[in-house]
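# Secondary and tertiary structure notes
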Amino acid sequence: MQTLLQDQLEILIPTYNRREHLLRTLTQLTAPESPVRSCSITILDNASTDGSADLIKEFAAKNSNIKHIRHAKNIGGNGNIARCFELPCKPYV
């Protein structure tokens, strides 16, 4: 029995005011030739003010495997990274 990549790997992206970087990253991750395009992608937005939330919503609307978690307030860089370690359900992150 072959194990599918999306059953083993999930991608978590902590972000804060990195809209342009996020645009490039999500474009590459969701490209037709991307080997991880079917994997679960969760973006933890640390209350960005640069339009990142709208960008993430656009990608999530087109890709059902993208989940957007937006913190009500900025919990700090380390807090956002720590939150990423609390969420995974798959063996590889």
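The structure reproduced in this document is the subject of the present report. (Residues numbered from 1 in each chain as written. Predicted model: local features only at pLDDT ≥ 70, side-chain atom pairs only at ≥ 80, totals over all residues. Heavy atoms only, no water.)

What the three strands build is an open sheet, ordered E1-E2-E3; its pairing is parallel. Edge strands, defined here as strands with exactly one partner in the open sheet, are strand E1 (10-15) and strand E3 (66-70). Averaged over all adjacent pairs, the angle separating strand axes in this sheet is 15°, with direction ignored. Examined bridge by bridge, E1 and strand E2 (residues 40-45) share six bridges and lie parallel to one another. Bridge pairing in E2 links Ile 13 to Ile 43. Along the sheet, helix H3 (residues 52-62) makes contact with E2 and E3, crossing E3 at roughly 155°. (Pairing = 2+ DSSP bridges. Helix = DSSP H or I, 4+ residues; strand = E, 2+ residues; numbered from the N terminus. Axes fitted to C-alpha atoms, helices over the stretch in contact; angles between N-to-C directions. Contact = heavy atoms within 4.5 Å.)

This brings us to the nonpolar core. Buried together is how nonpolar side chains tend to be arranged in soluble globular proteins. Among the nonpolar cores identified, the biggest contains 14 residues, and Ile 11, Ile 13, Leu 22, Leu 26, Ile 41 and Ile 43 are the most heavily contacted of them. Elements that contribute at least two residues to this core include exactly E1, helix H2 (19-29), E2 and H3. Those residues in contact with Ile 41 that lie beyond four places of it in its chain are Ile 11, Ile 13, Leu 26, Leu 29, Asn 65, Ile 66 and Lys 67. (Core = buried A, V, L, I, M, F, W, Y, C linked by side-chain atoms within 4.5 Å. Buried < 20%, exposed > 50% of the residue type's maximum accessible area, 1.4 Å probe, protein only.)

Attention shifts here to the pairing of E3. As judged from the five bridges shared by E2 and E3, these two strands associate in the parallel manner. By the bridge assignment for E3, Ile 41 is matched with Ile 66. This β-α-β element, E2 to H3 to E3, shows right-handed connectivity. (Right-handed = clockwise from strand over helix to strand, strands pointing away.)

Examined against the element boundaries, Pro 91 turns out to sit in the segment after helix H4 (77-86). Taking the C-alpha atoms as reference points, Pro 91 and Lys 62, 29 residues apart in sequence, are found 26 Å from one another. In contact with Pro 91, not counting residues within four places along its chain, are Asp 7 and Gln 8.

The next thing to look at is the pattern of salt bridges. Following the criterion strictly, the structure yields three salt bridges and no others. For Arg 19, the salt bridge goes to Glu 20, with nearest N and O atoms at 3.3 Å. Overall, the relative accessible area of 47% leaves Glu 20 in the partly exposed class. In this structure, Asp 45 engages Arg 70 in a salt bridge whose closest nitrogen and oxygen atoms are separated by 2.8 Å. A residue pair is termed long-range when its members are at least 10 positions apart, and Asp 45 in strand E2 and Arg 70 in strand E3 qualify at 25 residues. (Salt bridge = Lys/Arg side-chain N within 4 Å of Asp/Glu carboxyl O.)

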